[in-house]
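Each chain, written out:
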Amino acid sequence: MRSYVEASGFPLVEVGGIPVPRVIIGCLPFLGESYQGEAKNRLYVERFSNVDYTVKVLVKAVEDYGATAVSAVPSMEGRLASLLLEAIKRAERITDVELALTFCLRIPLRMEGERIDDYRRWASYLNYEAKLVGENILERYLNDPILLCRKGWKKRFQYTVDHLGGYDRDELDKLEIDFDRVKDCLDCFRDFKVIFVEPGSESDFLAISGRLDLLEDLVSLLRNEGFETIVLGVHHAGSTIPILEDSEIEVDGYLTPVNKLGALMLPNRELALKAIKGSSKPVIAIKTMAGGRIPPAEAFDFVFNEVGVDACMIGVGSLEELEEDFSIAKRILKGLDEESS
């Protein structure tokens, strides 16, 4: 079986000393998330419930484009998550190519044994970032095109802001991580080639809440369990990256939304880009096409040429999308290589 490095059709970048393809296959469409509304989500759920179709997409990605890295989540996240891991194994056997996984880990935060409320978590972000930018940014939260894809987002978030608010200091001091759950998640990936673990956007919450101690404990656990390369997933780059850069937590990079529209680039596009460009660590872009709202050529030109990210994660919802998106990404990266040489 050829290694993911040997078979890669994309240039590689080092992240934590590990070679990472500059284009990674994103997992969200395989898990039924389109960022284009419930009807499209249902279409994706139906399409990728057929594991044979997922295998076709992965095999084509490997054989036609040399895409040898793919994002995945633990099988305990649901049936589609489990089917994706099955599809990855089948694609490896068919292509005789090792697929490298980037493992997205939702951080299981608890408070007095109970899961924290996601809407109060977002209200905490709002409180922090309104002070950071010195203005009321509620409308930005309410009308972000990607956040609006969450069912009932606008109504529920407005209610939380008006009646519940974010978490206070006493509550934040009670935050915990369910490390037994983390270990169960890690066990799902023991038989895969994992090139990095990505603790999810709960990283933002731990950073802005002043609970870097918990984040540091998580990073230590991951490394002690044999997952050496850690890339933090952040959706509040303008707030979180500066905090992390000033901390003593040793992570290897950041994975964050980067797109021309500024969708889910918080607290705003300007501060997010400033933090991304000023990062001392590699940055991997997600939400590059803002959930299908930006044409791929325009999207990839922006992230690779204008922003200069190190790598990009691209989710594809069909064989046709794969052909369009990966051929364009390959062409743009080839042009960059030619310019640099």
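Up top you'll find the structure we're talking about.
Here the structure is a predicted model, which is why all the values come from computation and not from measurement. (Residues numbered from 1 in each chain as written. Predicted model: local features only at pLDDT ≥ 70, side-chain atom pairs only at ≥ 80, totals over all residues. Heavy atoms only, no water.)

**Things to note about the pattern of salt bridges**
1) Next: Under the defined criterion, the tally for this structure stands at 17 salt bridges.
2) Next: Across the pair D173 and R169 runs a salt bridge, and its minimum N-O distance is 3.3 Å.
3) Next: Residue D173 is classed as partly exposed on the basis of its relative accessible area of 47%.
4) Next: The class for R169 is partly exposed, based on a relative accessible area of 42%. (Salt bridge = Lys/Arg side-chain N within 4 Å of Asp/Glu carboxyl O. Buried < 20%, exposed > 50% of the residue type's maximum accessible area, 1.4 Å probe, protein only.)

**Topic: a negative patch on the surface**
1) Next: Taken together, the side chains of E216, D217, E248 and E250 define an acidic patch exposed on the protein surface.
2) Next: Along the chain, the position of E248 falls in the loop between α12 (237-245) and β11 (253-257). (Patch = residues over 30% accessible without salt bridge, like charges linked within 9 Å, V, L, I, M, F, W, Y side chains within 5 Å. Areas by Shrake-Rupley, 256 points an atom, 1.4 Å probe, with all protein chains shown as cover. Lys, Arg positive; Asp, Glu negative; His and termini not counted. Charge placed at Lys NZ, Arg CZ, Asp CG, Glu CD. Helix = DSSP H or I, 4+ residues; strand = E, 2+ residues; numbered from the N terminus.)

**Let's talk about the sheet that holds strand β6 (residues 109-111)**
1) Next: If you walk across this open sheet you meet the three strands as β7-β6-β8, and the pairing is antiparallel. Among the strands making up the open sheet, the edge pair consists of β7 (114-115) and β8 (175-177).
2) Next: Of the pairings in the sheet, the one linking β6 to β8 comprises three bridges and is antiparallel in character. Across the sheet, L109 pairs through a bridge with I177, a residue of β8. (Pairing = 2+ DSSP bridges.)

**Section: the environment of L232**
1) Next: When you line up the elements, L232 lands in strand β10 (residues 231-233).
2) Next: When the C-alpha atoms of L232 and N41 are compared, they prove to be 26 Å apart, with 191 residues separating the residues in sequence.
3) Next: The contact partners of L232, leaving out residues within four places of it in the chain, are E198, P199, S203, L215, L244, V251, G253, Y254 and L255. (Contact = heavy atoms within 4.5 Å.)

**Brief notes about unusual backbone geometry**
1) Next: For the peptide bond that leads from L266 to P267, omega is 5°, which places it in the cis range.
2) Next: In this structure, P267 sits in the loop between β11 and α13 (269-277).
3) Next: Residue D96 is not a glycine yet carries a positive backbone phi of 60°.
4) Next: For D96, the position within the fold is in the loop between α4 (79-95) and β5 (100-105).
5) Next: In the Ramachandran plot, L264 falls in the positive-phi region, its phi being about 55° despite a non-glycine side chain.
6) Next: Note that L264 resides in the loop between β11 and α13.

**Side note on the environment of G165**
1) Next: Mapped onto the elements of the fold, G165 is located in the loop between α7 (153-164) and α8 (169-172).
2) Next: Along the primary structure G165 and V45 are separated by 120 residues, whereas in three dimensions their C-alpha atoms are 34 Å apart.
3) Next: Aside from chain neighbours lying at most four places away, what touches G165 is R120, A123 and T160.

**Topic: the nonpolar core**
1) Next: In terms of nonpolar packing, the biggest core is built from 118 residues, with I88, F157, F300, F304 and F326 touching the most fellow members.
2) Next: Looking at this core, the element that brings in the most residues is helix α3 (residues 51-65), giving nine residues.
3) Next: In this view, I88 contacts L58, V70, A72, L99, L101 and F192; residues no more than four positions away in its chain are not counted. (Core = buried A, V, L, I, M, F, W, Y, C linked by side-chain atoms within 4.5 Å.)

**Observations regarding α7**
1) Next: Those residues of α7 not exposed but buried are W153, F157 and T160. Looking straight down α7, one finds its buried side chains confined to an arc of 55°; they lie on one side. Projecting away from the buried face of α7 at angles above 90 degrees are the exposed residues K155, D162 and H163.
2) Next: Packing partners of the buried residues in α7 comprise α5 (118-133) and α6 (138-143).
3) Next: Backbone geometry just downstream of α7 places G165 in the positive-phi region, at approximately 75°. (Arc of directions from axis to C-beta.)

**Things to note about the packing of α5 against α7**
1) Next: Packing of α5 against α7 leaves a shortest axis separation of 9 Å and a crossing angle of 70°. Viewed along their axes, α5 and α7 adopt a mutual orientation that is roughly perpendicular. As for how α5 packs across α7, the hand of that crossing is right-handed. Of the residues in α7, those touching α5 at Y119, R120, W122, A123 and L126 are W153, R156, F157, T160, V161 and L164.
2) Next: A class-by-class count of the residues in the contact of α5 with α7 yields eight nonpolar, one polar and two charged. (Axes fitted to C-alpha atoms, helices over the stretch in contact; angles between N-to-C directions. Parallel < 35°, antiparallel > 145°, perpendicular 65-115°, else oblique. Left-handed = near helix turned anticlockwise from the far one by under 90°. Nonpolar A, V, L, I, M, F, W, Y, C, P; charged D, E, K, R; others polar.)

**Topic: the packing of aromatic side chains**
1) Next: Under the counting rule described, the total for this entry stands at 16 aromatic pairs.
2) Next: Between F189 and F192 the ring centres are 6.1 Å apart and the planes differ by 55°, which places this aromatic pair in the tilted class. Pair check on accessibility: F189 and F192 agree, each one buried.
3) Next: One aromatic cluster is present, formed by Y119, W122, Y125, Y141, W153, F157, Y167 and F205 through successive ring pairs.
4) Next: Here the basic side chain of K89 rests over the ring of F192, its NZ or CZ set 4.5 Å away from the ring centre. (Phe/Tyr/Trp six-rings, centres within 6.5 Å; stacked < 30°, edge-to-face > 60°. Lys NZ or Arg CZ within 6 Å of the ring centre and 35° of its normal.)

**Focus: the side chain of N259**
1) Next: The residue N259 is located in the loop between β11 and α13 in this model.
2) Next: Setting aside anything within four residues of it in sequence, one finds N259 in contact with M265, R269, K287, T288, A290, I294 and F302.

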